[in-house]
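# Residue-level structure breakdown
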Protein chains: 2
Amino acid sequence: MQLTPDSINPKVLEAQYAVRGALVLRAMQHERALQQKQTLPFNEILYCNIGNPHQLKQKPITFFRQVLALTDYPDLLDMQGCSEVFPADAIARAKDFHKNTPGGTGAYSESQGLRHVRENVAKFIAKRDGVTAYADDIFLTDGASQGVHISIMCLVKNELDGIMIPIPQYPLYTATISLNGGRAVGYYLDESQGWTLDVSELDRALREARNQGTNVRALAVINPGNPTGQCLTEANIRQVVEFCERNNLVILADEVYQANVYGDVPFTSFRKVVTHMKSNVELISYHSVSKGMIGECGRRGGYMELINIDPVVVEQIYKLFSISLCSNIAGQIIVDLMVNPPAKGDPSHDQYEREMKDLFESLKRRSQKLHAALNSMKNITCTEIGGAMYAFPSIHLPPSAVQAAKEAGMTPDTFYAVELLDATGICVVPGSGFRQKQGSFHFRTTFLPSESKMDDVIDKLRKFNQSFMDKYS
Amino acid sequence: MQLTPDSINPKVLEAQYAVRGALVLRAMQHERALQQKQTLPFNEILYCNIGNPHQLKQKPITFFRQVLALTDYPDLLDMQGCSEVFPADAIARAKDFHKNTPGGTGAYSESQGLRHVRENVAKFIAKRDGVTAYADDIFLTDGASQGVHISIMCLVKNELDGIMIPIPQYPLYTATISLNGGRAVGYYLDESQGWTLDVSELDRALREARNQGTNVRALAVINPGNPTGQCLTEANIRQVVEFCERNNLVILADEVYQANVYGDVPFTSFRKVVTHMKSNVELISYHSVSKGMIGECGRRGGYMELINIDPVVVEQIYKLFSISLCSNIAGQIIVDLMVNPPAKGDPSHDQYEREMKDLFESLKRRSQKLHAALNSMKNITCTEIGGAMYAFPSIHLPPSAVQAAKEAGMTPDTFYAVELLDATGICVVPGSGFRQKQGSFHFRTTFLPSESKMDDVIDKLRKFNQSFMDKYS
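The shown structure was predicted, so the numbers you read here are calculated from the model rather than taken from an experiment. (Residues numbered from 1 in each chain as written. Chains lettered and ligands numbered in written order. Predicted model: local features only at pLDDT ≥ 70, side-chain atom pairs only at ≥ 80, totals over all residues. Heavy atoms only, no water.)

## Thoughts on the relation of the copies chain B and chain A
Superposing chain B onto chain A requires a rotation of 180° together with a translation of 0.0 Å along the rotation axis, leaving an RMSD of 0.0 Å. The two molecules are tied by a two-fold rotation axis, judged by turn and shift. Taking C-alpha positions as the reference, the residue of chain B nearest the rotation axis is Ala 69 of chain B, at 2.1 Å. Of the residues that chain B buries at the interface, 100% are likewise interface residues in chain A, meaning the two copies contact each other through the same surface. (Least-squares fit on C-alpha atoms with pLDDT ≥ 70 in both. Contact = heavy atoms within 4.5 Å.)

Structure (structure tokens):
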């Protein structure tokens, strides 16, 4: 055989992505066993491993789906009674789309994405941040992941090039850095201070990496944090920008959870701070339709904005998009609707606002309930959940649990997560998949199950944890 | 600045993708000039550079779009009069989809793609080839390009690893090999024999590459050919399989044009031949919803099938898909509809068959008309177009045209294509973008403009070519 475990690209072997790793495959096996009527200690799998709201029955935003149906099947526009089934603004949006897009949803767009969508993205940024933004700086992507892939591909030339990433981090970053053969340079968030980002820690991490010969090129920030849920203050962002200016680093700002903010610190974009500081730091920021209240993960829609990037580099990025032709058009349409929802006075406005508000308040309630519940469990502590879709509690494992994990050939947090899955059907991701401070153990769970299911998750988790801790104490 | 032309990953700089290269950017500039009411020698751009049928007003298949509308906006299923607007089989398909897919089109599917879609793909392959096929061997992709990317990423470890590619080739191959830092090992198709693939030429190319220290790992075949349009005979495919067996090479079979066959040689899949030969050669084959009569390029839907691939390698490929989460769900639905269209007796069957047949016959007529026209033009010869969506004629340029190109700082074929664009608004791709035998010159043009527009393209091309050849003869 030509392509074997020994001869596959070792960078591929190196990459890890725990959010869909061994634990999820084990959960899928359990699910098949349940379908085959096998008896297990639970009767369903509760997927809390991934931010995938619709999988857990979250409803899509009605207006978005109305526009999609009319752009997918434009004959509906000519159907008798169309205006009874669809609101006038959804019809108008679909007509506008067809006017601006002669090939409809079935044609490749230009590599960078449909111009009229990029113009709306630019208006959204301008309004959000009080800045001027340009369609030419926007690239429409298949989810935020594609933008991150392409950015890191441009940055990593060889095994000496490094990208700074938070620890804990979303594993897309370490995976993509591995695939490109570079080095992940971790900087620690401070759990004892609610996962805050301290510039002295950035200095330490950079210094240490440079001492090891790493050519540090960029700093990735996830705000609001994934898996850690903290929201950076404007003052803190300013410090990060100054740090990157001083050290000539590109900022990669992952802001996909910008609409998921539940705490006291509001979301501030890196774009706003960079522009208001009149900084010339290079900034690439990412947004997505998969998160927020929209949760349209299956669409694979997103965008990235390039600020202060060398025009020749922008051309190269354009070429990379050309090689994969363009992001999918339905995803581009959802991006358009996300950045340009029904306005006040439009027929769909009130329903849209109500749906968004209900979802937001429900997410906030669930985050608070989960946070309180976790902190009331034995040997578990959890920082405030300021944003995003996850809790990332610390589990304080007794030495005999650590020993049992060792005997089972697993890291202690994986051992805890496997035991949890096998006992309850709840699928979470062990903290080691996100990286964590040596000797500390965590897991990541979403709070996306519906409110009644969430009670069930908490109840099951509490009982499991109690018996686990009792067993090993 | 950190990210500059000098410090960007040189593999990115190296990659070329002419299908959307400098010539297309020039065409887009002309288009903007026309929109701004500037006077040019033409009043529209005719995009013949890319296989993008809907851009040129090809209609989508009605049934596909009906199902999409019902899956994107399931409330339509409960609407009064739904069964008057939508045929019963479209409604049944949408209901089936929702039954099989609790999260609908808004949720990530499992990394490999929806299981019920993969099962239908397996049935399609089984029926097409008279073989047994398995859902577990299928990965649903964002277009065929993503499958090719992932395969080549697994194969290329370092700068000594090589992939054999046809010359001329579709530039995705050279671009992806460049991005992964490997070597493209070209084997020439024989234009004088209708772009046939001769195994002695494979032997020569392999020997030469190995003499240069290249670790040749795989052979890419495009059947029907892009840009060359030839269709491989079953006997020829058998020879290629034997060659790959002898030399321990993975076969990468790009079969996205399998439904676009206009000549006497029918399409035969590598899958069929490999299975019937009981070969254990490693085979990865690709298909897409972007081509055929469907032409749903903007959906980014496709699949790849892995045959005789080491199970550990399959796990690694699964992980790579996990890192980008999953292909978009609407694209997966179109794959499902492509492989499982309305059956005889279903309410939509006759309309579906008629739409497919009309499109097929029109494409065939246009291919024949273009082929005949090209051969009647001065200094142009074109082989028979057996399949795909392109003509790739040879242009026999007079020495003074070659000289003029040199003075303009362009390759001769680029010079011809630029002059054509500037004079007529017709955008084609120079042959050098696909690689071609030293000293020969070509361009690739689609025959996708509508039949009346196609007459216009031919007419303009003929006039331009005549005056160009006259000028330089």
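## Some words on the environment of His 54 of chain A
Looking at where His 54 of chain A falls in the secondary structure, it is placed in the loop between strand 1 (46–47) and helix 3 (62–72). Linking His 54 of chain A and Gly 298 of chain A, residues 244 residues apart in sequence, is a C-alpha distance of 8.8 Å. Residues contacting His 54 of chain A, with those up to four places away along its chain left out, are Lys 59, Pro 60, Arg 65, Ile 294, Gly 295 and Glu 296 of chain A together with Pro 102, Gly 103, Gly 106 and Ala 107 of chain B. Looking at His 54 of chain A, its side chain comes within polar contact range of the main-chain oxygen of Ile 294 of chain A, at 3.0 Å. (Helix = DSSP H or I, 4+ residues; strand = E, 2+ residues; numbered from the N terminus. Polar contact = N/O pair within 3.5 Å; in protein donor to acceptor, adjacent residues only side chain to side chain.)

## Some details on helix 10 (residues 234–247) of chain A
All names here are of chain A. Helix length check: helix 10 (14 residues) gives 20 Å between terminal C-alpha atoms against 20 Å at 1.5 Å per residue, within 8%. Listing the buried residues of helix 10 in full gives Asn 236, Ile 237, Val 240, Val 241, Phe 243, Cys 244 and Asn 247. The buried residues of helix 10 all sit within an arc of 155° when viewed along its axis, so they share a single face. Along helix 10, exposed side chains directed more than 90 degrees from the buried face belong to Ala 235 and Arg 246. Structurally, helix 10 contributes buried residues whose contacts are with strand 3 (161–167), helix 9 (199–211), strand 5 (215–222), strand 6 (250–254) and helix 11 (270–276). One or two steps after helix 10, the chain reaches Asn 248, where phi turns positive at roughly 55°. (Expected span 1.5 Å × (residues − 1). Buried < 20%, exposed > 50% of the residue type's maximum accessible area, 1.4 Å probe, protein only. Arc of directions from axis to C-beta.)

## Overview of the sheet that holds strand 7 (residues 283–288) of chain B
All names here are of chain B. The strand order across the open sheet built from seven strands is 2-8-7-6-5-3-4, with neighbouring strands paired in mixed fashion. Strands at the two margins of the open sheet, each flanked by one partner only, are strand 2 (138–141) and strand 4 (183–188). Direction aside, neighbouring strands of the sheet carry axes that sit 20° apart on average. (Pairing = 2+ DSSP bridges. Axes fitted to C-alpha atoms, helices over the stretch in contact; angles between N-to-C directions.)

## Digging into the interface of chain B and chain A
Tallying the contact residues gives 87 residues for chain B and 87 residues for chain A. Taken as a group, Gln 2, Leu 3 and Tyr 108 of chain B account for 11% of the area that chain B buries against chain A, more than any other trio of residues on that side. The interface formed by chain B and chain A holds two salt bridges in total. For the salt bridge of Asp 72 of chain B with Arg 299 of chain A, the shortest nitrogen-to-oxygen distance reads 2.7 Å. (Buried area = accessible area lost by both parts, 1.4 Å probe. Salt bridge = Lys/Arg side-chain N within 4 Å of Asp/Glu carboxyl O.)

## Points about the nonpolar core
Counting residues in hydrophobic clusters, the biggest one holds 342 residues, and the most contacted among them are Met 164 of chain A together with Met 164 of chain B. Other than its neighbours up to four places away in sequence, Met 164 of chain B contacts Val 185, Tyr 187, Leu 202, Ala 205, Leu 206, Val 216, Ala 218, Leu 219, Ala 220, Phe 243 and Leu 249 of chain B. (Core = buried A, V, L, I, M, F, W, Y, C linked by side-chain atoms within 4.5 Å.)

## With respect to the packing of helix 3 (residues 62–72) of chain B against helix 13 (residues 329–339) of chain B
All names here are of chain B. Contact pair helix 3 / helix 13: the axes reach a minimum separation of 10 Å and the direction vectors enclose 140°. Considering their axes alone, helix 3 and helix 13 lie oblique with respect to each other. Note on packing geometry: the crossing formed by helix 3 with helix 13 is right-handed. Note on element contacts: helix 13 touches helix 3 through Ala 330, Ile 333, Ile 334, Leu 337 and Met 338, opposite Phe 63, Phe 64, Val 67, Leu 68 and Thr 71. Taken together, the residues of the contact of helix 3 with helix 13 break down into nine nonpolar, one polar and no charged. (Parallel < 35°, antiparallel > 145°, perpendicular 65-115°, else oblique. Left-handed = near helix turned anticlockwise from the far one by under 90°. Nonpolar A, V, L, I, M, F, W, Y, C, P; charged D, E, K, R; others polar.)

## Re the domain arrangement of chain A
For an interface, size is often stated in terms of accessible area lost upon the parts coming together. What the domain assignment reports for chain A is domain 1 (10–57 + 354–472), domain 2 (62–102) and domain 3 (108–339). Each of domain 1 of chain A and domain 2 of chain A has a C-alpha centre, and the two are 41 Å apart. (Domains from an automatic or database assignment.)

## Things to note about unusual backbone geometry
Note: most peptide bonds trans; most residues except glycine with negative phi. With an omega dihedral of 10°, the bond running from Asn 226 of chain A to Pro 227 of chain A counts as a cis peptide bond. Structurally, Pro 227 of chain A can be placed in the loop between strand 5 and helix 10. Here the amide bond leading from Asn 223 of chain B into Pro 224 of chain B is cis, since omega sits at -10°, within 30 degrees of zero. Its place among the elements puts Pro 224 of chain B in the loop between strand 5 (215–222) and helix 10 (234–247). Although it is not a glycine, Arg 435 of chain A adopts a positive phi angle of roughly 70°. Following the sequence through the fold, Arg 435 of chain A ends up in the loop between strand 13 (429–430) and strand 14 (443–446). A positive phi angle, near 60°, is found at Asn 308 of chain B, a position not held by glycine.

## What about the packing of aromatic side chains?
Counting across every chain of the model gives 32 aromatic pairs over all chains. Consider the rings of Phe 415 of chain B and Tyr 472 of chain B, whose centres lie 6.0 Å apart with planes at 70°: the pair is edge-to-face. In this pair, Phe 415 of chain B sits in helix 16 (residues 412–424) while Tyr 472 of chain B sits in helix 17 (residues 451–472), placing the two residues 57 residues apart along the sequence. Looking at Tyr 472 of chain B, the relative accessible area reads 11%, which means it is buried. By way of ring pairs, the aromatic residues Phe 415, Tyr 416, Phe 443, Phe 464, Phe 468 and Tyr 472 of chain A are connected into one cluster. Geometry around Tyr 390 of chain A places Arg 444 of chain A over its ring, the cationic atom sitting 3.8 Å from the centre. A cation over a ring is seen here: Lys 437 of chain B above Tyr 188 of chain B, with NZ or CZ 5.4 Å from the ring centre. (Phe/Tyr/Trp six-rings, centres within 6.5 Å; stacked < 30°, edge-to-face > 60°. Lys NZ or Arg CZ within 6 Å of the ring centre and 35° of its normal.)

## Considerations on the pattern of salt bridges
Residues and elements named next belong to chain B. Inspection of every chain in the model, using the stated rule, returns 38 salt bridges over all chains. Arg 204 is the salt-bridge partner of Glu 201, the closest N and O atoms lying 2.7 Å from each other. With Glu 201 and Arg 204 both in helix 9 (residues 199–211) and three residues apart, the pair spans about one turn of that helix. By relative accessible area, Glu 201 is classed as buried at 13%. A relative accessible area of 22% places Arg 204 in the partly exposed class. Among the ionic pairs, Arg 204 bridges to Glu 208, the shortest N-O distance being 3.1 Å.

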